[in-house]
There are 2 protein chains.
Amino acid sequence: MDRDPSAEKNCAAVSAVPPPPGLTPGQQAVLTALRQQPQPLSAQALHGVMAVQRSIGLATVYRALDLLKLLGLVQHRVTLSGETLYSVVEHDHHYLTCLQCGVSVPVETCPVQELVAHLQRTNSFRIYYHTLEFFGVCDRCS
Amino acid sequence: MDRDPSAEKNCAAVSAVPPPPGLTPGQQAVLTALRQQPQPLSAQALHGVMAVQRSIGLATVYRALDLLKLLGLVQHRVTLSGETLYSVVEHDHHYLTCLQCGVSVPVETCPVQELVAHLQRTNSFRIYYHTLEFFGVCDRCS
DNA sequence: TACAATATGATAATGATTATCATTCCTGAG
DNA sequence: CTCAGGAATGATAATCATTATCATATTGTA
Ligand SMILES: [Zn+2]
Ligand SMILES: [Zn+2]
Ligand SMILES: [Zn+2]
Ligand SMILES: [Zn+2]
């Protein structure tokens, strides 16, 4: 996919929320499929659910997810078992995870929005998303 | 065969801030080595720095780090490249990471302490540590 | 001392992710 | 319209941090 060099920075990459830029059909399909998932899921799991309706290579799914991250459309988090889970950036949920049994429970609140705005200014970073995870030992495991 | 009394079981004497339980010499060595590191580092890197003074197996380092996490003495975070970095829980630093070049800059503030206290009560979880990471694209990469 | 339980270390196995590379698709010039 | 260059794709091999194995060493206890 080659884009007009002069217009390179005008696409949706600038803001995290707006409509998708010039994505290929495969990349578009990955984004669409991810939007339909209620929970974050791994690249392989996503590849699994996509394969039902549309043939797509696993490597392409990985590559599309990487690109979508760079565009600020997709976020990731890593489980205790080392799997990377993906979700759309609109999904701002955080988790409390047991180090022993691995169970994860969602956390409702997110106290970092202000901090994001502050960092945005002081660091000349374009911030797309954040992860906030709590680790400990659950009731049953302690 | 009597052993040196000063080399008693449980090296509990070395402790300072948190009351360490009965750790084996190997586990204690891992904790001590980790405390001397100014930055979070991988299990393999820690194994490397430890090997200089004390022979220890890589598997033992991994196992000790896992145990120390369960004891609430050590925390972890995962880099973009998939490496797991370890540090003592007292090290409550967070990072802003570029999705393109991978550069990480530290963030000073941490706005989650109150939330931790609240979650502690409402979830019957014993919370040991948390990770807070921001992802985006740095100045030079955008 | 003898026994059971746990820790250790060397190494093989695992598995998610990446790299490779040949093929296909797209686009813009001529 | 046709062609060439560049990007995207897919199948597969390679990578590499982490785990599992398993034999040995250590520890605690009676
Ligand atoms: Zn648990
Ligand atoms: Zn949040
Ligand atoms: Zn960068
Ligand atoms: Zn913090």
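The structure under discussion appears in the preceding block.
In this report, the structure presented in the accompanying data block is examined.

Criteria and cut-off values
- Once a new chain begins, its residue numbering starts again from 1 and follows that chain's sequence as written.
- All chains are assigned letters beginning with A, and all ligands numbers beginning with 1, in the order in which they are written.
- Whole-chain, interface and lining totals are the exception, using all residues; otherwise, since this is a predicted model, local features are given only for residues with pLDDT of at least 70 and side-chain atom pairs are given and counted only at 80 or more.
- Only hydrogens and water are set aside; all other atoms, that is, all heavy atoms of the structure, feed into the side-chain values.
- Counting from the N terminus, the helices are the DSSP runs of H or I reaching at least four residues and the strands are the DSSP runs of E reaching at least two.
- Only protein chains enter the accessibility calculation, which uses a 1.4 Å probe. A residue is then buried if its area is under 20% of the maximum for its type, exposed if over 50%, and partly exposed in between.
- For this analysis, residues touch if any pair of their heavy atoms sits within 4.5 Å.
- Metal donors were taken as nitrogen, oxygen and sulfur atoms no farther than 2.8 Å from the ion, or 3.2 Å where the ion is Na, K or Ca. Water is excluded, so coordination may look unfinished.
- Donor angles set the geometry label: tetrahedral for four donors if every angle is between 85 and 135 degrees, square planar for four and octahedral for six if opposite donors exceed 155 degrees and the others are between 65 and 115, irregular for anything else.
- Superposing copies: least-squares fit, C-alpha atoms only, residues required to have pLDDT of at least 70 in both.
- Classification of ring pairs rests on two measures: the distance between centres of Phe, Tyr or Trp rings, Trp counted by its six-membered ring, which must be within 6.5 Å, and the angle between planes, read as stacked under 30 degrees, edge-to-face over 60 and tilted in between.
- For a Lys NZ or an Arg CZ to count as sitting over a ring, it must be within 6 Å of the ring centre and within 35 degrees of the ring normal.
- Proximity criterion: a residue is near a molecule or strand once any of its heavy atoms comes within 4 Å of it.
- Under the rule applied, a polar contact is a pair of N or O atoms within 3.5 Å (in protein, one hydrogen donor and one hydrogen acceptor; residues adjacent in sequence only if both atoms are side-chain atoms).

With respect to the overall build of chain A
Then step 1. Secondary structure assignment for chain A yields four helices and six strands.
Then step 2. Taken from N to C terminus, the helices and strands of chain A fall in the order α-β-α-α-β-β-β-β-α-β.
Then step 3. Put simply, chain A has 142 residues, and 44% of those count as buried.
Then step 4. Restricting the contact set of chain A to residue pairs at least 6 apart, pairs at least 24 apart contribute 50%.

A word on the coordination of the zinc ion (ligand 2)
Residues and elements named next belong to chain A.
Then step 1. Each protein donor to the zinc ion (ligand 2) is listed here as D92 (OD), D92 (OD), H94 (NE2), C110 (SG) and H130 (NE2); together their distances run 2.0 to 2.7 Å.
Then step 2. Motif for the zinc ion (ligand 2), donor spacing along one chain: D-x1-H-x15-C-x19-H.
Then step 3. Taking relative accessible area as the criterion, H94 reaches 2% and is therefore assigned buried.

A short note on the coordination of the zinc ion (ligand 1)
Residue and element names in this part refer to chain A.
Then step 1. Protein ligation of the zinc ion (ligand 1) involves C98 (SG), C101 (SG), C138 (SG) and C141 (SG), the donor distances falling in the range 2.3 to 2.4 Å.
Then step 2. Here the zinc ion (ligand 1) is ringed by four donor atoms whose angles at the metal span 101 to 115°, and the overall shape comes out tetrahedral.
Then step 3. Motif for the zinc ion (ligand 1), donor spacing along one chain: C-x2-C-x36-C-x2-C. In this pair, C101 sits in the loop between strand 4 (94-98) and strand 5 (104-107) while C141 sits in the segment after strand 6 (126-137), placing the two residues 40 residues apart along the sequence.
Then step 4. A relative accessible area of 40% places C101 in the partly exposed class.

A few points about the relation of the copies chain B and chain A
Then step 1. Placing chain B over chain A gives an RMSD of 0.0 Å and needs a rotation angle of 180°, together with 0.0 Å of translation along the axis. The two molecules are tied by a two-fold rotation axis, judged by turn and shift. Within chain B, the C-alpha atom positioned nearest to the axis of rotation is that of L132(B), 2.2 Å from it.
Then step 2. Most of the interface of chain B is mirrored in chain A: 100% of its interface residues are interface residues there too.

What to know about the packing of aromatic side chains
Then step 1. Tallied over the entire structure, the rule returns two aromatic pairs over all chains.
Then step 2. Of note, R77(A) hangs over the ring of Y95(A), and the distance from its end group to the ring centre comes to 3.9 Å.

Quick look at the protein's contact with DNA strand C
Then step 1. Among the 15 residues in the neighbourhood of DNA strand C, the closest are listed as Y62(A), T24(B), G57(B), T60(B) and R63(B).
Then step 2. For DNA strand C, the backbone portion of the atoms within 4 Å of the protein, that is sugar and phosphate, comes to 62%.
Then step 3. Side-chain polar atom of Y62(A) to a phosphate oxygen of DNA strand C: 2.5 Å apart, as the coordinates give it.
Then step 4. One nitrogen or oxygen atom from the side chain of R63(B) is found 2.6 Å from a base nitrogen belonging to DNA strand C.
Then step 5. Taken together, the elements giving at least two residues each to the surface near DNA strand C come down to helix 3 (58-70) of chain A together with helix 1 (25-35) and helix 3 (58-70) of chain B.

Purely geometric stuff here, so don't read any function into it on its own.
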